[in-house]
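Summary of structural features
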Amino acid sequence: MTTTPVWNPQRPSPMPYHRYRPFQDRVSVPVTDRAWPAARIERAPLWVPVDLRDGNQALAEPMDTPRKRRFFDLLVAVGFKEIEVGYPSASRTDFDFVRHLADGGVVPDDVTPVVFTPARADLIDRTFDAIEGLSRAVVHLYIATSPVWREVVLGRGRAEVWRTVRGAAEHMARRAGDAPGVRFQFSPETFNLTEPDFVLELCDGLTQLWDASPDRPVTHNLPATVEIATPNVYADQIEYAHRNLARRDSVILSVHPHNDRGTGVACAELAVLAGAQRVEGCLFGNGERTGNVDLVTLALNLYAQGVDPMVDLGDIDAVRDTVEHCNRLPVHPRHPYAGDLVHTAFSGTHQDAIGKGLAEHARRARESGVAEAQAPWSVPYLPIDPADVGRSYEAVIRVNSQSGKGGVAYLLRTHHGIDLPARMRADFARVVQEATDDSGREATPKELYELFRATYLTDGAAVRLHDWSAREEAPGVHRFVCTLEAGDRVGDHEGTGAGPLTAFVDALAGAGVAVEVLDFTEDGTAAFAECRVGGVTAWGAGTGPSAAVHAVLSAVNRAVR
Ligand SMILES: CC(=O)SCCNC(=O)CCNC(=O)[C@H](O)C(C)(C)COP(=O)(O)OP(=O)(O)OC[C@H]1O[C@@H](n2cnc3c(N)ncnc32)[C@H](O)[C@@H]1OP(=O)(O)O
Ligand SMILES: CC(C)C(=O)C(=O)O
C-alpha cells in the first residue's frame, strides 16, 4: 500500500487521466545503450526555417507574396542557407511565391529553397512546375507513417504506404531528371509514433531509390509531428535512426520538433546530441498548435554556451518586428532572449546582483584592457549580454514594489547621474516602496527622480535659510553668516568652523537648532547628508553650487518634520 508522505498533501485529480496512454504503450523505442547523454553540442546544426510553409499553414491569414518576400529576405539576412519556402501545390498564393523567387532571381547563390509536397503525382508535378528555373532546390516529400494515421487518415497498411511513397519518389526522380541542383528530402510524418523498423524500411528504401551519395545526399527528416513523450525518448528514437540508417554518409539526418508538451527546444537539442545534423523550426516558435521548435532560442542557446550559432541575431528586435508583421502574431514578453521582459529584473535581490555584476564586468574589462562588448560575460541573472542582441541596459532594471535599494540606486545613477551613498539607498528605497505599494505600478526612471526630488531636494519649511554667505577667513577657519527662520522666529546668525558645513551647523545651533552631521558625501552632481536633530536621524540631498548646504538643510527639515 502506498502512503502519502506528510510533506505532500496533494490529492488525486478528478480529471480523467486514465484516458491517455504512456508513450511506451504507443511506440517501441529500441535504444538502450544510448550515447547521447554524454555528448556535447560543439557546432551548430544546419538550421532550416520552415516559417514560410509549416509556420504559414498554421496562420489564420496565410502570408501573401509581399509578406513572404519580406520574411524570406529576413531569413537570408540572418544567415539561413536552406529555407523551406512553401507548399506550392497547396494554393495559388504558395505557388506564385515560389515562382516569384524563381523568376525574380532573388535567391542568393548559397541559399537553397525547399518545397514541400505530398505523395501524389499531380501535386508533385505542380511542385516541379513551381521550381522550374531555380538553380538549386530540395523537393521534400511527406506522408504520415504511424499506425493511427495509417489506419484512420490514409486507410493504408504498411505495404501500401511504401508503395505510395515509392511511386511518388520515382515520379520525383523522373521529374528532376539530371538536374544537378535538385536534391530530395523525405519526412515520415508522425515519425515519433512510427515503428522504428518501418521508418528504416521507408528511409533506406528511398536512400537507395534516389541513389543517395555523399555528393548528393538525401535528407531524412524525422518529425515529432505531435510531441508524445519527454525529450529523452525522442533522443533515443533519433539515436536509433542515426545508428541504423543505411548509407549514413549519404544521409542528412534532420529533425522537426513541435512543441505540444512545451519541450520542443529540449527535443531538438537532445536530438542533435543523438546525431541529428539538421533542425527544422520557425522563428520564435510559430507553427501548428503550440508551434514548431523555435530556431531563435536554439541558436541563442548555443551562443550562450560559447558556440558559434552560424546566424546573426545581433538585432533581435528588428528580427522580431519583421516576424510579428509577417505572421500577424505577437512574440510573448517572456519569450527566451527576445521578449520585452526577458532582460529585465523587477525584484530587489536580482537587481542588486545585476547592478553589482555589471559594475564588476566593466571593472574587469577595464583592467584587462578589453572592450566591455568583447570581455567574457558572467553577470548574475543575465545568461547573455543583452547588448549582444541589440538591447540596451536601460530595460535591464525596472522598479516596482518588489524592488530593493540596489535597483533604485542603479536607475538613479544610470538615468540621472545621481550616485546615492550606500547607507542612503535603503532610506530612498523605503520611500519608493511606499509609493509603488500605493500605486501598485512600476516607477519609471523619470518618476523615481521626481520622487527623489520631492523627498530630498527641497529645503523644507521648518527651518528656512534666507540670505547667506560663507567664506574662509583664515586657513581652516570658515565663517557662515545667514538669516535663519526657525518656526516663528527669524534672526541673523553667524557660525564658525573648520569647514563651511561646520560653520553652518554652528549658525544653526545659534538659532536653537542643534544638528549633528553623521554622514556627508558629495559627487559631481549632488551632495548627501545624514543629520541627527533632537534624537531623530534623517537624510537630505542638494544639487547645484550650494549642494552641501542644501543637503544639510534638507536633512534637518526632514528630521524635525
Ligand atoms: C504535418 C504537416 O504539416 S503536413 C502538411 C499539412 N499542410 C497542409 O495540409 C496545407 C496544404 N494542403 C492542401 O492544400 C490540401 O490538403 C492538399 C492540396 C494537399 C490536398 O487537398 P485535397 O485533395 O482537398 O485533400 P484534403 O485536404 O482533404 O486532404 C486529405 C487527403 O489527403 C490524403 N493525404 C494526406 N497526406 C497525404 C500525403 N502525404 N500524401 C498523399 N496524400 C495524403 C488523405 O489521405 C486524404 O485523402 P482522401 O481524401 O482520399 O481521404
Ligand atoms: C511532415 C513534417 C515535416 C511536418 O511538418 C510535421 O510532421 O509536422
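An unreviewed UniProt entry annotates the protein as 2-isopropylmalate synthase of Streptomyces canarius. In its Function (unreviewed entry) section, the UniProt entry covering the protein states "Catalyzes the condensation of the acetyl group of acetyl-CoA with 3-methyl-2-oxobutanoate (2-ketoisovalerate) to form 3-carboxy-3-hydroxy-4-methylpentanoate (2-isopropylmalate)." What the UniProt record of the protein gives under Cofactor (unreviewed entry) is the line "Mg(2+)".

**Here's the deal with the packing of aromatic side chains**
For the coordinates displayed, the defined rule picks out eleven aromatic pairs. Taking 5.2 Å as the distance between ring centres and 75° as the angle between the ring planes, the aromatic pair formed by Tyr 87 and Phe 116 counts as edge-to-face. Within this pair, whereas Tyr 87 is found in the loop between strand 2 (82–86) and helix 3 (92–104), its partner Phe 116 is found in strand 3 (residues 112–118), the two being separated by 29 residues in sequence. Classification of Phe 116 by relative accessible area gives buried; the value is 5%. The ring of Phe 116 carries the charged tip of Arg 53 above its face, separated from the ring centre by 3.5 Å. Note that Arg 126 overlies the ring of Phe 95, its terminal NZ or CZ placed 3.7 Å from the centroid.

**As for the environment of His 100**
Relative to the assigned elements, His 100 resides in helix 3. Overall, His 100 belongs to the partly exposed group, its relative accessible area being 28%. C-alpha of His 100 to C-alpha of Pro 62: the two residues are 38 residues apart in sequence and 16 Å apart in space. Setting aside anything within four residues of it in sequence, one finds His 100 in contact with Thr 65, Arg 69 and Val 106. Looking at His 100, its side chain comes within polar contact range of the side chain of Arg 69, at 3.2 Å.

**With respect to the site of ligand 1**
As a structural note, the neighbourhood of ligand 1 is formed by 16 residues, with Gln 57, Tyr 87, Ala 119, Tyr 142 and Glu 189 the closest of them. Burial of ligand 1 by the surrounding chains reaches 55%, relative to a free accessible area of 1000 Å². At the level of elements, helix 1 (51–57), strand 3, strand 4 (137–144) and helix 5 (147–154) are the ones that each hand at least two residues to the shell around ligand 1. The element contributing the most residues to the shell around ligand 1 is helix 1, with three residues. Its residues placed into classes, the shell around ligand 1 shows ten nonpolar, two polar and four charged.

Criteria and cut-off values
- Residues numbered from 1 in each chain as written.
- Chains lettered and ligands numbered in written order.
- Predicted model: local features only at pLDDT ≥ 70, side-chain atom pairs only at ≥ 80, totals over all residues.
- Heavy atoms only, no water.
- UniProt positions renumbered as here; feature names shortened; annotations may be inferred.
- Phe/Tyr/Trp six-rings, centres within 6.5 Å; stacked < 30°, edge-to-face > 60°.
- Helix = DSSP H or I, 4+ residues; strand = E, 2+ residues; numbered from the N terminus.
- Buried < 20%, exposed > 50% of the residue type's maximum accessible area, 1.4 Å probe, protein only.
- Lys NZ or Arg CZ within 6 Å of the ring centre and 35° of its normal.
- Contact = heavy atoms within 4.5 Å.
- Polar contact = N/O pair within 3.5 Å; in protein donor to acceptor, adjacent residues only side chain to side chain.
- Near = heavy atom within 4 Å.
- Areas by Shrake-Rupley, 256 points an atom, 1.4 Å probe, with all protein chains shown as cover.
- Nonpolar A, V, L, I, M, F, W, Y, C, P; charged D, E, K, R; others polar.

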